[in-house]
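One-letter residues, chain by chain:
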Amino acid sequence: SSSSSSSSVLLKMAAFESVEEYEMDGEERMGKSVGSVVQNLSSIRTGRANAAILDRVSMDYYGAQTPLNQMASISVTSAQQLTIDPYDKSVS
């Protein structure tokens, strides 16, 4: 099993022409991972209203799944309340 994992690493490294390319690919992947964690952490409820908790909510809008934040303005009106004001009133 150890030889198969080392050969797969060698195959992955062979796809890159230099150590710099391998390093750049690793940095890009880590950047994407960190971005994903930051996005996930921003949607954690902390005891006060935060419009970011609705970032992943999407709705059917004329047959297409559309993010809620593209269909309405979302504002924090108090510590425990969000106000959603749809742009197209016929959808609500």
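This one's a predicted model, so the numbers in the text were calculated from it and none came from an experiment.

## Structural notes on the overall build of the protein chain
Per the secondary structure count, the protein chain includes three helices and four strands. For the protein chain, the α and β elements follow one another from N to C terminus as α-α-β-β-α-β-β. Taken over 92 residues, the protein chain has a buried fraction of 8%. Once local pairs closer than 6 in sequence are excluded, the contacts in the protein chain between residues at least 24 apart make up 28%. Per element, the accessible surface of the protein chain, about 7300 Å² overall, is 56% carbon and sulfur.

## A word on unusual backbone geometry
The phi angle at Tyr 62 is positive, at roughly 55°, despite the residue not being glycine. Within the element layout of this structure, Tyr 62 appears in the loop between strand E1 (58-61) and strand E2 (64-67). Relative accessible area serves as the criterion here: at 65%, Tyr 62 is assigned to the exposed category.

## Observations concerning the side chain of Thr 66
Considering the arrangement of structural elements, one finds Thr 66 in strand E2. In this structure Thr 66 comes out as buried when scored by relative accessible area, which is 13%. Not counting chain neighbours up to four residues away, the residues in contact with Thr 66 comprise Val 57, Ser 58, Met 59, Tyr 61 and Met 71.

## Section: a nonpolar patch on the surface
Where nonpolar side chains cluster on the molecular surface, the patch consists of Val 37, Leu 41 and Ile 44 and spans about 270 Å² of accessible area. Structurally, Val 37 can be placed in helix H2 (residues 19-42). Since its relative accessible area comes to 46%, Val 37 is described here as partly exposed.

## As for the environment of Asp 88
Within the secondary structure, Asp 88 is located in the segment after strand E4 (81-86). Residues within four places of Asp 88 in sequence aside, it is in contact with Tyr 61, Tyr 62 and Met 71. A distance of 3.4 Å separates polar atoms of two side chains, one belonging to Asp 88 and the other to Tyr 62. In this structure the side chain of Asp 88 is engaged in a polar contact, spanning 2.7 Å, whose partner is the side chain of Ser 90.

The rules behind the values
- Residues numbered from 1 in each chain as written.
- Predicted model: local features only at pLDDT ≥ 70, side-chain atom pairs only at ≥ 80, totals over all residues.
- Heavy atoms only, no water.
- Helix = DSSP H or I, 4+ residues; strand = E, 2+ residues; numbered from the N terminus.
- Buried < 20%, exposed > 50% of the residue type's maximum accessible area, 1.4 Å probe, protein only.
- Contact = heavy atoms within 4.5 Å.
- Areas by Shrake-Rupley, 256 points an atom, 1.4 Å probe, with all protein chains shown as cover.
- Patch = residues over 30% accessible without salt bridge, like charges linked within 9 Å, V, L, I, M, F, W, Y side chains within 5 Å.
- Salt bridge = Lys/Arg side-chain N within 4 Å of Asp/Glu carboxyl O.
- Polar contact = N/O pair within 3.5 Å; in protein donor to acceptor, adjacent residues only side chain to side chain.

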